[in-house]
Each structure stands twice: as C-alpha cells, then as structure tokens.
Amino acid sequence: MPFAHTALARTGSNEFSYRTNDLRGDILSPSYFNPAKVVGLKVADIIVATAAIGVLPDVLTLLVTATDPIVVVMSVGSGVASLSPVAFNPSKSMKYLKYRSARARTDRNCRVAFVGDSTYAGTAVPATNNQVIRSLPMQVARLLRQMGIPAGANNRFGCASNLWTSLLAMDGRCSSTGAWSQTGSTIAGGNGFGCNTAAAGSATFTFPDAVSKYAIYWQNSGTVGKIMTYQVDAGATTNLTTTGSSNIMQTIVDAGSVAAHTLTLAQATNNFALLAVDAWDGSRPEISCWNWGIAGATSTALTSNAGSPFGRMDSYAYFAPDLSIVEGGIINDWRQSIPVATTKANLTALVGVLKASGDVLLYTPRFDNGTSGASPSQEAYVAAMYEVGAEQGIDVWDNRTGLGSYALANAAGMYGDEVHGDGAGIGYADEAARLVRGFFLTI
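(A) Region of the structure containing the overall build of the chain. A tally of regular secondary structure across the chain gives twelve helices and 25 strands. Relative to its 443 residues, the chain shows a buried fraction of 53%. Summarising the internal contacts of the chain: among those between residues at least 6 apart in sequence, 74% fall at separations of at least 24. Surface accessibility of the chain: about 16800 Å² in total, with carbon and sulfur atoms responsible for 55%.

Structure follows, in structure tokens:
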C-alpha cells in the first residue's frame, strides 16, 4: 500500500515519523513509495508510522530496506496507543534484542528489573503506606496497561529496608502478625524476611491488580524439615518444606480465576526465610516490572555477594531479568563519600552480571539538593555512569535532563525533600511517563 509522502517528516539525521488516519485496518508489509518524493531516505533508516485504527492508534516501526529503484520499507515491530508521532534512532535499532525477544514470547512474562535505591523503592515525603504503590516501577506498569500493553508490578522482592516494620509502613500491600523481621539472606530488593521466633505468625500479600498466578521464592536452608505454609484467600494450606540443600527455591501457585486475591504465608517452624513473592495475570504474558529498590543502598551494597547461603549478585543471576534499568544506588555513594572510582567499578561489575541474562539501561539518578558527603560533587558520579555506559556499550537514560534541575522539579511538586519524591507520587509519575514514552514505546 503506498504511503502519502506529505505525511512523512524528518525528526533527526536518520529519523523520520509518519502519521496518517488513512491507513485504517489494511496495513500491508512491505510498503512502497516513490523515493523522488521523499528526499534523503536511505537503507537502514527507521520510520515510526502511526495509523489511526479504531479507537487507539497503531504504531509501526518500519525499516528502509531498499531505495533504488523504489523505496521498500518492512514492518519490524508494533505497539499501541502512542503519543505519536515519535522518532526512533536507527543506530539503536539492533539493541535490546534480548528484551525485545522476551516481549515476543508467549510462554512467560518479560522480566524488567529496576535496580537502585530508595528512589526506586518508592520512598516519598510525607511518608505513607502507599509509597510502593506510587513507586517508579508501579507507575511504569500502570501507564503501560493504560496504553493497552499488559504489564504489572505485583511483587515484593526482599525487605527493601533495614526493618520489616519499616517495610510495612511504606508498602500497604503487605501486613503481618507475630515477630517478623528481615533475615541474613541478601537478595535482589533487600534481605529475605521471616518470622524468626517460635511464636506463630503470618504475612499477607494483597496486590492491587487482578492476578491468577504467584511465584514464591524461599530459602532452602541446610536444615531439613523447616516448614512455612501458604494459602490463597480462604483455600487449603500447603507446606513449603526445606530439604537440607542451600539454594533458592521457587514454588508456583495457581490462584484460579483472574481476580484480586490474598496470599498468606504462615510460620509452622521458626527461622524459615522467604525471599520474594511475585504475582501476575496468568491468562496472558506481561511486562513484569520487578522493584529491586533498596532504601539506603549504595553501589557497594547492590554488588555485595555476602550473605548465607548466597549473595545479592548470585540472586541477580538466578532471577535473570530480560532488561535491567539500573540507577545503581549512586545517590548514597556520593552521600557517603564513596570514591568515584569505586562507584564506577561497582557499576561495571553490576552491569556485567545483569548483561549475562538480558539487556541493561543505565538510569541517571535524581538531583540531590542535600549537602551530605560528596553531594556537591554529584556530577562526577553521574559522569562515571556515562563512562560505564560507553565502555560497556549500553545506553544511559538521561533522567536528570528530564527533571531539568532540583529547583524546577521541586517547584513542580516532584520532590518531598532534598532527593525523594513527593507523597502524592507526582515526581515518580513524571519519571515513569518519560520512560514509557521515550523507551518502552519506541524500543
């Protein structure tokens, strides 16, 4: 089907956008048009074409495969509900292949991990138990769903802070009875958690979205016969029992219908360590946004492999995300005056582990208006992140340019203190919107 050449607009040296409401539903590939009417198109250019089809537009990513004697463009990807027209940089068109391959799978979810500190965990001022609900990963998933892309962030990886009580204060999806606390197991998202006394106790996870599947991750310790039970809603209880091996175990639970369910984990014997709970709508694959933010984490903490019987770096390899969006804890690095060279080395090590399973996108941290440690020299740490990106051949998402400055973002209500988001979630929502528009809808 021929293109209307007058709808094609150059948006960069190798970028074009195309928007029309004339394509309707009969989009064909390949498409052909006269190159004499489109000055400057060449092989390997990318055209992002937005066609109004029904209520929502359809976005086609088109690759120019020939220019002589006629221009040929082949469809290489699509999405929905773009705020188009948008531009796509063809120099990056072959990147993120692991992530894009995972997006195309029908047998499992595409796993996107957000690896960082409290600004990923959702810490906001004033503090409420809705902080995690308003975190960056949750808001990314919410926006994707609003645009018709299946996504969720119904997960709890680790304790995310030093105290179980602190977690409950920021994550209203979780509640407990008995003496629950974090354990010594260091994993993605914090330490493990459990009820470490002989007294009975339970933890309940009520995620906000409709789900039908759970994955419970737990520590199979060196002791035989430790037991934790799980129960969905008011159903039967089932035992999780340690066998004496020291490894991470995964138990998949079928909750039945796609609905708002409650998962309860109850202690039968003390010192049983839970690591994570992940939930999703099992009726279709989704982009699962895993929140691995840890309050107070430095790049050193995020790359620590200390712990028993495994460490945090081990857990990254185990969970194997398809895409990792890495802020890296460098806010706490400069606040604690960790040397820039150490930060760079830690980021390099972190990227190396995460690249083994998927793609990596570095993410520049929020502006810090505080004065702790080396905060006045924070740009040196950001520069180190760019150096790691260049050396490792990965992109850096320029979040700081999007915010503008601390003064501008704070005046817009996006800060609650010197560095964290506001209690209403406006700041993290702004970051999520830019990330969805600029990355998820164009890659």
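Past the structure itself, the notes keep going.
(B) Inspection of helix α12 (residues 426–440) at higher detail. Between its first and last C-alpha, α12 extends 20 Å over 15 residues, near the 21 Å set by a 1.5 Å rise per residue. Along α12, the residues classified as buried are Gly427, Tyr428, Glu431, Ala432, Ala433, Arg434, Leu435, Val436, Phe439 and Phe440.

(C) Structural context of the packing of helix α8 (residues 340–355) against helix α9 (residues 378–392). Contact pair α8 / α9: the axes reach a minimum separation of 9 Å and the direction vectors enclose 40°. Along this stretch, α8 crosses α9, giving a crossing that reads as right-handed. Of α9, the residues touching α8 (which contributes Val340, Thr343, Lys344, Leu347, Thr348, Val351 and Lys355) are Ala380, Tyr381, Ala384, Met385, Glu387, Val388, Glu391 and Gln392. Its residues assigned to classes, the contact of α8 with α9 shows eight nonpolar, three polar and four charged.

(D) View of the pairing of strand β19 (residues 263–267). Among the five residues in β19, four count as buried, and that is most of the element. Looking at chain direction, strand β14 (residues 202–205) and β19 are connected through four bridges and run antiparallel. Pairing of threonine 204 across the sheet is with threonine 264, part of β19. Pairing geometry for strand β16 (residues 224–232) and β19, over five bridges, is antiparallel. By the bridge assignment, tyrosine 230 is partnered in β19 with leucine 265.

The rules behind each value
- Residues numbered from 1 in each chain as written.
- Predicted model: local features only at pLDDT ≥ 70, side-chain atom pairs only at ≥ 80, totals over all residues.
- Heavy atoms only, no water.
- Helix = DSSP H or I, 4+ residues; strand = E, 2+ residues; numbered from the N terminus.
- Buried < 20%, exposed > 50% of the residue type's maximum accessible area, 1.4 Å probe, protein only.
- Contact = heavy atoms within 4.5 Å.
- Areas by Shrake-Rupley, 256 points an atom, 1.4 Å probe, with all protein chains shown as cover.
- Expected span 1.5 Å × (residues − 1).
- Axes fitted to C-alpha atoms, helices over the stretch in contact; angles between N-to-C directions.
- Left-handed = near helix turned anticlockwise from the far one by under 90°.
- Nonpolar A, V, L, I, M, F, W, Y, C, P; charged D, E, K, R; others polar.
- Pairing = 2+ DSSP bridges.

Nothing here speaks to function; it is all geometry.
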